[in-house]
Amino acid sequence: MSERIFIGVAWPYAEGSLHIGNIAGADLPADIFARYHRMKGNEVLMVSGSDQHGTPITLKAEQEGKTPQEIIEFYQREFIDCWEKLGICFDLYTGTHTENHIKVSQDIFMKLLDKGWLYKDTVAQMYCPKCQRFLPDRYVEGTCPFCKTPGARGDQCDACSKPLNATELIKPYCRMCKTTPVLKNSEHFFLKLSAFQDKLEKWAEQQKQWRPNVYGFTQRYLKEGLRDRAITRDIEWGIPVPVKGFENKRLYVWFEAVIGYLSASKEWAEKSGDKDKWQPFWQTGVKSYYFLAKDNIPFHTLIWPSMLMGYEGLALPYDVPANEFLTIEGKKISRSLNWAVYLPDYLSRYDPDPLRYILSINMPETSDADFSWREFVRRNNDELVATYGNLVNRVLTFTYRNFEGKVPTCGDMGKTGKEGIPQYASTDLGATLEATAFSLISDIDKELAECHFKYAIHLAMGLAHEANRYLDEKAPWKTIKTDRKAAANSLYVALSVIAQLKTMLYPFLPFSSQKVHEYLGFEGRIEDSRWKWQDLPAGQKLREPQPLFKKLDESIIEEETKRIGT
Ligand SMILES: [Zn+2]
Ligand SMILES: [Zn+2]
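Residues numbered from 1 in each chain as written. Chains lettered and ligands numbered in written order. Predicted model: local features only at pLDDT ≥ 70, side-chain atom pairs only at ≥ 80, totals over all residues. Heavy atoms only, no water.

### With respect to the overall build of the protein
If you tally the helices and strands in the protein, you get 17 helices and 16 strands. Expressed along its principal axes, the backbone C-alpha trace of the protein runs to roughly 90 × 50 × 40 Å. A total of 566 residues make up the protein; the buried ones form 59% of that total. Nonlocal contacts in the protein, meaning residues at least 24 apart in sequence, comprise 76% of its contacts between residues at least 6 apart. Accessible surface for the protein amounts to roughly 23,700 Å². Of this, 49% is attributable to carbon and sulfur atoms. Across the protein, the 73 positively charged side chains and the 75 negatively charged ones have centroids separated by 1 Å. (Helix = DSSP H or I, 4+ residues; strand = E, 2+ residues; numbered from the N terminus. Buried < 20%, exposed > 50% of the residue type's maximum accessible area, 1.4 Å probe, protein only. Contact = heavy atoms within 4.5 Å. Areas by Shrake-Rupley, 256 points an atom, 1.4 Å probe, with all protein chains shown as cover. Lys, Arg positive; Asp, Glu negative; His and termini not counted. Charge placed at Lys NZ, Arg CZ, Asp CG, Glu CD.)

Below, the structure is given as structure tokens:
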């Protein structure tokens, strides 16, 4: 029975190139999950887009002497190019500066206003007397009132991840001229977040499927008590507030960016030619998953749900599998210090699957994880090339050359029964290996369904390892000279295991899995072959394989490491 799965992926700011931290935090796990569900035959809608409003964009534009429009167009092209090359397969990747998103955001604003969830209030707001302007939160810096770290931004503290109001900062200063700002009155709209406290508490309490970090983070916020939050700003770049007298104000970026999940779904439907097609993905009861890094948790477990509760009739998030952070060489990723590995840079020199591999096998799922080029080269060479790539290559090449380019006929084992279940007529090692592969199909299925990506890929790689051990023991390259039937048997078992590995590894390594699919003689897209035991008919024509992965020279470690932070 096919399920309907909605996948929302956190929206990156269109203010700088994507780095591997973005990918490890949100886009890669989301893509693995989407590919897995599509392969299961489920209906998937995966959307995201660039956050094109907000002060990071205007800051960047000011720094580069460009218009915000120029900045967002440049990064939109670059992001889409990266998704394509890395194989992150969104159904739609859009942006918040589209006419559609502006309309949907204003609609939600008006509906929440009509239902009494928004109210007007006068707030004293940061104003820089030297720059003669109201200062958006990101233009104010100071010491975090919670953890006392200096240099905290007015919207959120990077050190403790707490969202802030600029007025709460200790010793605030204007980011541009370092002047101490003054408070000046301005009228704004507020979201009555406090009115949702009870409802959110009851709802969050029931979400036992959430990861402990997500559950705990959310509970901590709720215990502190939710405060109403301003949702408009005195800025020029952004979505106009659709109320008389507020023409010069804009919707605050955190309020409209989360609406992007809904507006992107509507845009996708419109583009598909059936404008109502988004609705089944937003009906209550549909499982919607939101992938993001931990600093985004409160926006997806409290703020967005409260907006949806106020709006009524749309599905609340089912799971919010937030990842922890990826560090590089033990240090926190920082754009300002250039402490990052940028995606366009990586993709200009290396293949996509090795990066997908290392970020999956070492995913910051339950704790922070570290990336280093030394580890990248080691895992690429020892695991991808030597374990998995070599298994595929030696078995396929040898079989191709010695069995007329066909899957050999096996003897008394590995034969498939009626319902795709292998039957074992032998207690041979090969039967044990096939049985392991068979149960792993459902074990990994279960892990992926619960978003345990790191464990799932470890299980699959364990099978590749077992298959190599089996081959070393059977040594068909030797037995072929004395016992051709025995060689055919062990090669058949190895090929059969490879036919399952390509499925198990497909969500993680889509490019190489498609190749293995073709080398084994299967037609079409691997995704269509479904998540199940893959029968390998004896006599099926193989294709001559090429090495799946490239061995990397150790000299790149020093070269690449030097680039970080310079
Ligand atoms: Zn100033
Ligand atoms: Zn802090």
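### Observations regarding the pattern of salt bridges
Scanning all chains against the criterion turns up 38 salt bridges. With its nearest N and O atoms 3.4 Å apart, the salt bridge here joins Arg175 to Glu141. Within this pair, whereas Arg175 is found in the loop between strand 8 (170–174) and strand 9 (182–191), its partner Glu141 is found in strand 6 (residues 140–143), the two being separated by 34 residues in sequence. Residue Arg175 is classed as partly exposed on the basis of its relative accessible area of 29%. Taking the relative accessible area as the measure of exposure, Glu141 reaches 13% and is therefore buried. (Salt bridge = Lys/Arg side-chain N within 4 Å of Asp/Glu carboxyl O.)

### With respect to the sheet that holds strand 6
Taken together, the 3 strands give an open sheet; going across it, the order is 7-6-8, and neighbouring strands pair in antiparallel fashion. Looking at the sheet topology across the chains shown, the edges are occupied by strand 7 (152–153) and strand 8. Bridge count between strand 6 and strand 8: 3 bridges; the pairing is antiparallel. Each bridged residue has a counterpart across the sheet, and for Val140 the counterpart in strand 8 is Cys174. (Pairing = 2+ DSSP bridges.)

### With respect to the coordination of the zinc ion (ligand 2)
Around a metal, the ideal angle is 109.5 degrees if four donors adopt a tetrahedral arrangement and 90 or 180 degrees if six donors adopt an octahedral arrangement. Looking at the zinc ion (ligand 2), the protein donor atoms are Cys144 (SG), Cys147 (SG), Cys157 (SG) and Cys160 (SG), and they sit 2.3 Å from it. For the zinc ion (ligand 2), the 4 donor atoms in the first shell make angles of 106 to 114 degrees at the metal, a pattern classed as tetrahedral. Under the relative-accessibility criterion, Cys147 is labelled partly exposed at 30%. (Donors = N, O, S within 2.8 Å, 3.2 Å for Na, K, Ca; no water. Tetrahedral: all angles 85-135°; square planar, octahedral: opposite > 155°, others 65-115°.)

### Examining the coordination of the zinc ion (ligand 1)
Note on the zinc ion (ligand 1): its protein donors are Cys128 (SG), Cys131 (SG), Cys174 (SG) and Cys177 (SG). The metal-donor distances range over 2.3 to 2.4 Å. For the zinc ion (ligand 1), the 4 donor atoms in the first shell make angles of 102 to 115 degrees at the metal, a pattern classed as tetrahedral. Sequence spacing of the donors to the zinc ion (ligand 1): C-x2-C-x42-C-x2-C. According to the relative accessible area criterion, Cys128 is buried, its value standing at 0%. By relative accessible area, which is 28% here, Cys131 ends up partly exposed.

### Re a negative patch on the surface
Among the surface-exposed residues, Asp382, Asp553, Glu554 and Glu559 lie close enough to one another that they form a single negatively charged patch. For Asp382, a relative accessible area of 42% corresponds to the partly exposed category. (Patch = residues over 30% accessible without salt bridge, like charges linked within 9 Å, V, L, I, M, F, W, Y side chains within 5 Å.)

### A closer look at helix 10 (residues 352–361)
Most of helix 10 is tucked away: 10 of the 10 residues are buried. Along helix 10, the residues classified as buried are Pro352, Asp353, Pro354, Leu355, Arg356, Tyr357, Ile358, Leu359, Ser360 and Ile361.

### Focus: the side chain of His37
Note on placement: His37 falls in helix 1 (residues 20–39). Once residues lying within four places of it in the same chain are set aside, the contact partners of His37 are Ile5, Asn42 and Val44.

### Quick notes on the pairing of strand 1 (residues 4–9)
Of all 6 residues in strand 1, 5 are buried, a share of seventy percent or more. In terms of strand pairing, strand 1 meets strand 2 (residues 43–50) through 5 bridges, oriented parallel. What sits directly across from Arg4, in strand 2, is Glu43. Note on the crossover from strand 1 through helix 1 to strand 2: the handedness is right-handed. Of the strand pairs in this sheet, strand 1 and strand 13 (residues 287–291) are connected by 5 bridges, and their pairing is parallel. By the bridge assignment, Gly8 is partnered in strand 13 with Tyr290. (Right-handed = clockwise from strand over helix to strand, strands pointing away.)

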